[in-house]
Structure formats: C-alpha cells, structure tokens
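Structure assessment
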Amino acid sequence: MQGSVAAIPGQAAPVPAADNGVGQTLTVRTDTLVLRINTRGGEILETDLLTYPVSLDTPDKPVKILDLNGRNYVAQSGLQHQVVEGVDAKSLAPDHLATYSAAQTEYTLAEGQNELIVPLTWQGANGVTVTKRFVFKRGSFLVNVEHEVNNQSTSIWSGTEYRQLKHGYAANAGSLLSGVQAYVGGAYFHEGKYTKLSFDDLDEKPVNETVNGGWVAMQEHYFLSAWIPQQDQETQYYSMVPQSQGVKGYVLGMRSAVQQVAPGATGLFKSGFYVGPKDQDMLESIATGLDLTVDYGIFAFISKPIFWLMQMIHGVVGNWGWTIIFLTILIKLAFFYPSAMSYKSMAKMKAVSPKLKELNDRYANDPQGKQKAMMDIYRKEKINPLGGCLPILIQIPVFMGLYWVLLESVELRQAPWLLWYKDLSIMDPYFVLPLIMGASMWVQQKLNPPPADPMQQKIFQFMPIIFTVMFLLVPAGLVLYWVVNNVLSIAQQWFINKKIVGHA
C-alpha cells in the first residue's frame, strides 16, 4: 500500500518525492566528495566518494552513493508554508520542486581552502527570498544545509523545513558464509532507540512520530546517507511510498517545528546531511546513535570490544593483517587457562585410550557394563570426557564477533596484509589460507584421542575437509584468525601431550 502521513494542523501535507525532469545540474567538488545538485529544489542527485574506490582494480572509480538514474536514490529538502486561505502555498515557500537560481554551474574547493559555500536563490512573488546554502568542509563528508528566509513582505512568514531521502526498492539477499550479506534500507533514531526500516516495513506501516532530535538514514554495505536536524528541536518523522510511472520510491523524512519570521526580518533553518562511509568514530562525533548503523547484530557485545581492541593494535602496527594476528594471540592468552584445562583433559584421554580400547573388546556385548567401566576410569583419572569441546565453544562467539567486524567495519574494507592479500574483507583468491586451516585441523585431530564410537571417528575424519570447503568463501581475515588460533592451539596441545602422555 502507499504510505502517507497526516499534516500538522494549519500546515500542508508532506510533499511527495517526484522524478526530476527539469532544472540545471551543478557540480561540486571537494577533497572527499563530488556532488551533482539540481537547481530544481536543490535536490542532491549524485554523490561520489573520492577516497573510496569501488574496487582495488579500479582505483580511479569512486563509490557512488546517491544515484538518481541508477537506484532512484536522492536527497531532498525544502520549506513549506502553513496553509493560508486563498493563497498558493508554493508561492510562499520553496519545496524540493521549486526552481532556484545559481551564479555558476561548477564549484570546487580550492587548494588551501577549508570551506566551500554553494548558494541557491529562490524569489517568491510576495517579497520573500529564500537562500539555500550547502556548506562543505575540507576532509569532511558532512554537509551543512541552510534555508535562510528573508521576509520583505507585509505578513508574518510561518513555515517548516523538511528533509527526506528517497530510494528505489532493493532486496536484501546473501548468505553468512559468502560474506555478502548486508542490510540495504532505512533507519532512524528516536528517543534513544535505533530502528531499522526495510522497504517492506515502509510498505506495510508508514512512520509518523514526533520526538526531539534524532536522524533518518538510508544505508547499505559500508556506506550511508543521513539527515541530521538540530538535536535540541522537535522533529516529526514521516514516510511515504509514492509511485512514478508505476515505480515505487521509498521516502523517509523529517520535518522541523514551525518557525515564524516577522516582516523585514530573516529566519534560518539548519540541518546536517552526511553521505559517506560508516566510520564509527566519525559517525559518533556527528550525532548520538549514528554509529549504530554499523550493525553487528546480536554479536555487538563481542564485536564492539573486538573492534576497539583492533583499533588499538592497528594504531601501533599499522596493518590490519598483523592486527588480526596479534589480536588472536591476545585472545589466546586471555583463554589460556581454560584451554589448558581442556587440553589436559584430552591428553589424559589419549593416555588412557589403550585402556578404553580394551574395554571395547571386553564389553563388546555389554554396553551398560562398558559405560560403567569407562566412567570409573574417568573418575579415577579425573578426566572430563566433554572437556575437549571447550576450546571450540570458546572460539565460536569470538569467531562470529570477528566475522561481523570484518563484514561491517568500513575500516577493514580493502585492507591489505601481504603478498596477494590486498583485501582481507573478501575471500582468499588462491585459497591458500583455507587449505592451511584444513591441514591444521587435521594435525589437531592427530594430537587428540579419537572418539570411542566408530561412527563418530568417521565423521571426525571428514571435519577438516568440510571446514576447508566452508572457509573457501569466508573473508580472508577471518580465515587468518582461525589459522593462527589453530597453530597456537597445536603448540599448546603438543606441549601438554608431551608432559602428560609421555609421562604415562
């Protein structure tokens, strides 16, 4: 169904997003962004991130976020005057369909220049002039957007500012092991709560809430765009699903409180527009909760400390591959004692394996007697038969936490290590690390006692092969973690085996 939002009393309903058909396109270049802005409403049609190439093979081709012609993805903002009987509201305030004028079509942040201002001007028939300014800062992906209302009419100007993002439909697809699962859709922050709104959600139930501050965003893997209002002001959130020529455009927006401008005076509306990477430190400094768009899911309580620790290590070593190796060593040290207890249990199991084999032969036709005899041996030797599972159980949450760090953290996107490892966030192109990982699992199996059950023995024999195949498509950084962890585990197990099994 098509969503809508009720108008505030005395105020027009939100303006539906419309396809751009007219207007002049302005090109704005800074050290981080290239934007194309239309003089029709000051709509931002395209944004290229100059410091983020699409791939390592195309270093001169920047990632494109907003993209009118490709994904029907644009950023819109405008003003709306309160309803005045007998007067066309469009003549009192410029919405995102109004025509502005600009002094030039090319704007560039010059060398040594720290700020670039792009002004657009709208002249109303009633003596009201609106100047829409885009303010760019060097090194920043945050654009300050202002609407300055100069009221030279004889009446009080009374209206609001709205900002909205429009995106064409996109399905979320992928699998955990392929490393391509990433959310594409909307999100907003209200009353301290981060809420994701998929396009299907927007289809089913429109948004209509009024809170203080917050933000609205459209996000995808590693990147997002977001409108950020003044955080101390009341904001109304809304959504719409308009159609143009049978094609849906999903709109998520926000509206400011009503502001009045007396005759002869000026009024100013301010908003921030962010379009760039999901850099957690950067997002956290811009608005509360904006860093939550780096969504680690249910493993956030593990992923966030892991990422923080990785940042600390990376600040020293300066390479994400070595960072993962040192992280693995630190995690191994943190779990050294419980792992040692587990390895001791497995070493004792290996030491008594001849006795257990003898029990299998003696009690071949007496399962209950064999079970009782085995438990007697475990009790006498102080062996926990399930102790060998502990190292794997410890690794699983850390493994999943690191997986989401590698998948969601733009800081690790296209991060090199050495040799042919140019991007640790994608799979190993030559499958060397997965093969080493499989071989290390096989060595670990040889160090541990085989399961007593013959069927379990056969299953365990195939585990290295199964895991090797699974890890072929996993990000190389994650396989690197598992390989280093296995090598350290082998060293620890070998040392404990030598002491316990050798002594026995």
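All values derive from a computational prediction rather than experimental measurement.

We now examine the packing of aromatic side chains. Under the definition given, this model contains 18 aromatic pairs. Residues Phe471 and Trp482 carry aromatic rings whose centres are separated by 5.7 Å and whose planes lie at 55° to one another, so their mutual orientation is tilted. Of the two residues, Phe471 is situated in helix α11 (residues 454-471) and Trp482 in helix α12 (residues 476-503); the sequence distance between them amounts to 11 residues. Each member of the pair, Phe471 as well as Trp482, is classed as buried.

Take the sheet that holds strand β15 (residues 223-229) next. Pairing between the strands of a sheet comes from backbone hydrogen bonds, and it takes one of two forms, parallel or antiparallel. With antiparallel pairing, eight strands are arranged side by side in an open sheet as β7-β8-β9-β20-β15-β14-β11-β12. Each having just a single partner strand, β7 (115-123) and β12 (193-197) make up the two edges of the open sheet. Each neighbouring strand pair of the sheet contributes to a mean axis angle of 20°, computed without reference to strand direction. Here strand β14 (residues 215-220) runs beside β15; their pairing, made up of five bridges, is antiparallel. Its bridge partner being in β15, Ala217 is matched across the sheet by Ala226.

We now examine unusual backbone geometry. Most peptide bonds are trans, and most residues other than glycine sit at a negative phi. Even without being a glycine, Glu191 presents a positive backbone phi close to 50°. Under the relative-accessibility criterion, Glu191 is labelled exposed at 67%. Look at Phe431: it is not a glycine, yet its phi comes out positive at around 60°. Inspection of the secondary structure puts Phe431 in the loop between α9 (390-408) and α10 (432-447).

In this structure, Phe134, Trp215, Phe273 and Met310 are the most contacted members of the largest nonpolar core, which totals 108 residues. The biggest single contributor to this core is α9, with nine residues. Apart from residues no more than four positions distant in its own chain, Phe273 is found in contact with Ile44, Leu66, Ala75, Phe141, Leu142, Val143, Val145, Leu165, Ser225, Ala226 and Trp227.

This paragraph deals with the environment of Gln113. Tracing the sequence through the fold places Gln113 in the loop between β6 (106-108) and β7. In this structure Gln113 comes out as partly exposed when scored by relative accessible area, which is 27%. Separated by 83 residues in sequence, Gln113 and Thr30 place their C-alpha atoms 9.7 Å apart. Separated by 2.9 Å, the side chain of Gln113 and the backbone nitrogen of Ala110 make a polar contact.

Pairing analysis gives five bridges linking strand β1 (residues 25-29) to strand β2 (residues 33-38), with the strands arranged antiparallel. Within the sheet, the bridge partner assigned to Thr25 lies in β2 and is Asn38. Between the end of β1 and the start of β2, which pair antiparallel, lie three residues. Bridging between β1 and β6 involves three bridges; their strand directions are parallel. Paired with Arg29 across the strands is Thr108, a residue of β6.

What follows is about helix α5 (residues 320-334). The terminal C-alpha atoms of α5 lie 21 Å apart, and with 15 residues this matches the ideal 21 Å at 1.5 Å per residue to within 8%. All of the buried residues in α5 are Trp320, Gly321, Thr323, Ile324, Ile325, Leu327, Thr328, Ile331 and Lys332. With a side-chain oxygen positioned 2.8 Å from the backbone nitrogen of Gly321, the residue opening α5 is Asn319.

Summary statistics for the protein give a mean pLDDT of 84 and a share of 85% for residues scoring 70 or more. Under a pLDDT of 50 for its full length, residues 1-10 has, in the predicted model, 28 contacts with residues more than four places off or in other chains. Between residues 173-180, whose pLDDT stays under 50, and residues either more than four places distant or in other chains, the model counts 17 contacts.

Turning our attention to a nonpolar patch on the surface. Together, Val316, Val317, Trp322, Phe326, Ile329, Leu330 and Leu333 make up an exposed nonpolar region whose accessible area comes to about 650 Å². Put simply, the parts of the chain that give the nonpolar patch at least two residues each are α4 (300-317) and α5. The leading source of residues in the nonpolar patch is α5, at five residues. Tracing the backbone through its elements, the reader meets Leu333 in helix α5. Of the residues examined, Leu333 reaches a relative accessible area of 57% and is grouped as exposed.

Calculation notes
Residues numbered from 1 in each chain as written. Predicted model: local features only at pLDDT ≥ 70, side-chain atom pairs only at ≥ 80, totals over all residues. Heavy atoms only, no water. Phe/Tyr/Trp six-rings, centres within 6.5 Å; stacked < 30°, edge-to-face > 60°. Helix = DSSP H or I, 4+ residues; strand = E, 2+ residues; numbered from the N terminus. Buried < 20%, exposed > 50% of the residue type's maximum accessible area, 1.4 Å probe, protein only. Pairing = 2+ DSSP bridges. Axes fitted to C-alpha atoms, helices over the stretch in contact; angles between N-to-C directions. Core = buried A, V, L, I, M, F, W, Y, C linked by side-chain atoms within 4.5 Å. Contact = heavy atoms within 4.5 Å. Polar contact = N/O pair within 3.5 Å; in protein donor to acceptor, adjacent residues only side chain to side chain. Expected span 1.5 Å × (residues − 1). pLDDT = per-residue confidence, 0-100. Patch = residues over 30% accessible without salt bridge, like charges linked within 9 Å, V, L, I, M, F, W, Y side chains within 5 Å. Areas by Shrake-Rupley, 256 points an atom, 1.4 Å probe, with all protein chains shown as cover. Salt bridge = Lys/Arg side-chain N within 4 Å of Asp/Glu carboxyl O.

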